[in-house]
Amino acid sequence: MPENQQRPNRPTWQIGVALFLVAATVYVATAGYTRVHIDVLSANVGGWRIASTGEPWIDGVDVDQINRSKVPLFTTTHDGHRVIARSPGVVAAGVPAYALRELATDSGTSADDYSSAPPAVTAALITAVSVVLMWGALLRLTSRRSATAAALVFAFATPVWSVAADGMWTHTLTVLGICGMAYAAARERWLLVGVFGGVATWGRLHTVVIAAAVALACAWLQRRPSIAVRVGVTGALMVAGASIWSHWLYGTWIPSGGYAPGNYVSRAPGSAYDFNTSPVLLLRNEAALWIAGDRGILIWTPLVVLLLPLLIRTWRTQPMWCRAMFLAGVAYTLFQGWAAPFHGGDGIYGYRHGLEFLACATPSLTLAALYAGRKLRLALTVVVGVQLSAFALGGSINRPTLTFGDHWDNNAFVQALRDAPVLIAVLACVVATTVLATRMFLSEPEPEAASARE
């Protein structure tokens, strides 16, 4: 029986609620409450101070009691005060949860009263919402079963679990924004595309290229300049909000918050950003985002590699917003390779600088997967099982993670298999279960039905 005739009788909203509850439960249970990356910890402290004191200053706080790592918190000064230097969104997103904690526990403002739990739970819930938004976008491209399967892969077989859902990373917000843009673009809700594009810029300002690409491509194709205007106006208002926030915390109207643009455009040898002072170093950094052993997008998510031939074959038949998002994701990643070191720091399981590409590419890759033949579907299923095994490990305990110097020629999951051979048996079980579940719940692909939904 064709797949589009096997849809369950239950309302679609019930599936969405169930998907959110599953993702939220897993994410909240496995978020980073104790082993917190310095990037995330810095944002947490900023949100905690605003919620507990009403001011962003961290003067007088024993930060050494909070931060037990060898890396200092990211701080700067404004009006003679020390303040956390992070993007606007990661600090602001933690404030509501900390405020609720203040109301519930009447906790104080000393280092003894600090906790990483409120923003960790917030990040987990935000990422669960992102999964549901992506699922909602995919519903406009394929059946409920296929959309749900793709959303589950996105949620649990990628670094969305081990990074975005683990703590308040900038990528937590960019993934939310991109998934929201996909959801809104699939429904031609252009004001909402601008809103979610603005959310992404609160996390990482250069995601503006993604919203712009979707708006301009769809406006040109449909000969409707109003699309670009609607996205641009609402996005500009969101960016203006980030500028106001930045002015309060840092005395600057630049919406990147605590990130000084000079760090990214200055390429003096010996600086923190001297990785691309020559064409060779730049190309090496760009390549590493895709193929480095412990940070490469194509290494951690080889599903992308398997789907590339089908993506090329189906490219012209895909909706414009899908193609625009995919290309914008590539452009964003190339810019990221120019702006910052590929590895993104220590203590990370999987990649983080490729998460924006992953979110942008998921709709196009899902459409491509509909055209896979029997043998390729089996290969895709096996690869999904391997990815699920890898990120179940890293998403649950965020270990093992490699240190500087190992990111090119090693891989954390491979290292785990070497150190604990019992994980090979677990891997085999997960792959076998994934293959069985796919055969039970997903039927043969239907390219004609997929094309009809464009």
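Just so it is clear, the model here is predicted, and its values are computed rather than measured.

At a minimum axis distance of 8 Å, the contact between helix α16 (residues 320-339) and helix α17 (residues 355-369) shows a crossing angle of 145 degrees. Considering the relative orientation of α16 and α17, their crossing is left-handed. Packed against α16, whose contacting residues are Trp 321, Cys 322, Arg 323, Met 325, Phe 326, Gly 329, Val 330, Tyr 332 and Thr 333, the element α17 presents Glu 356, Phe 357, Cys 360, Ala 361, Pro 363, Ser 364 and Leu 367 at the interface. Partitioning the contact of α16 with α17 into residue classes produces 11 nonpolar, 3 polar and 2 charged.

The subject of this paragraph is empty space enclosed by the protein. Going through the model one piece at a time under the given rule, you end up with 4 cavities of 30 Å³ or more. Volume-wise, the largest cavity comes out at about 90 Å³. Lining the largest cavity are 14 residues, and of these His 37, Val 40, Asp 166, Trp 169 and Asn 398 lie nearest its centre. Grouping the amino acids of the lining of the largest cavity by side-chain chemistry returns 6 nonpolar, 6 polar and 2 charged.

The final tally for this structure, using the stated rule, is 4 salt bridges. Close ionic contact of Glu 188 with Arg 224 constitutes a salt bridge, the shortest N to O distance being 3.8 Å. With a gap of 36 residues between them, Glu 188 in the loop between α8 (170-186) and α9 (190-203) and Arg 224 in the loop between α10 (208-222) and α11 (225-250) connect regions that are remote in the sequence. Relative accessible area serves as the criterion here: at 28%, Arg 224 is assigned to the partly exposed category. Sharing partners across several salt bridges, the network here consists of Asp 39, Arg 86 and Arg 352.

Before going further, it helps to examine the nonpolar core. One finds Tyr 27, Phe 154 and Trp 321 to be the most contacted residues of the largest nonpolar core, which totals 116 residues. Once residues within four sequence positions are removed from consideration, Phe 154 is found in contact with Val 131, Met 134, Val 160, Val 175, Cys 179, Leu 358, Ala 359 and Thr 362. The next biggest cluster of nonpolar side chains, apart from the first, holds 13 residues, and it includes Ile 38, Leu 41, Trp 48 and Ile 66.

Reading guide: rules and limits
Residues numbered from 1 in each chain as written. Predicted model: local features only at pLDDT ≥ 70, side-chain atom pairs only at ≥ 80, totals over all residues. Heavy atoms only, no water. Axes fitted to C-alpha atoms, helices over the stretch in contact; angles between N-to-C directions. Helix = DSSP H or I, 4+ residues; strand = E, 2+ residues; numbered from the N terminus. Left-handed = near helix turned anticlockwise from the far one by under 90°. Contact = heavy atoms within 4.5 Å. Nonpolar A, V, L, I, M, F, W, Y, C, P; charged D, E, K, R; others polar. 1 Å grid on protein atoms, 1.4 Å probe; cavity = no way out; pocket = protein on both sides within 12 Å on 5 of 7 lines; lining within 4 Å. Points joined across faces, edges and corners; volume = space filled by probe spheres on them. Salt bridge = Lys/Arg side-chain N within 4 Å of Asp/Glu carboxyl O. Buried < 20%, exposed > 50% of the residue type's maximum accessible area, 1.4 Å probe, protein only. Core = buried A, V, L, I, M, F, W, Y, C linked by side-chain atoms within 4.5 Å.

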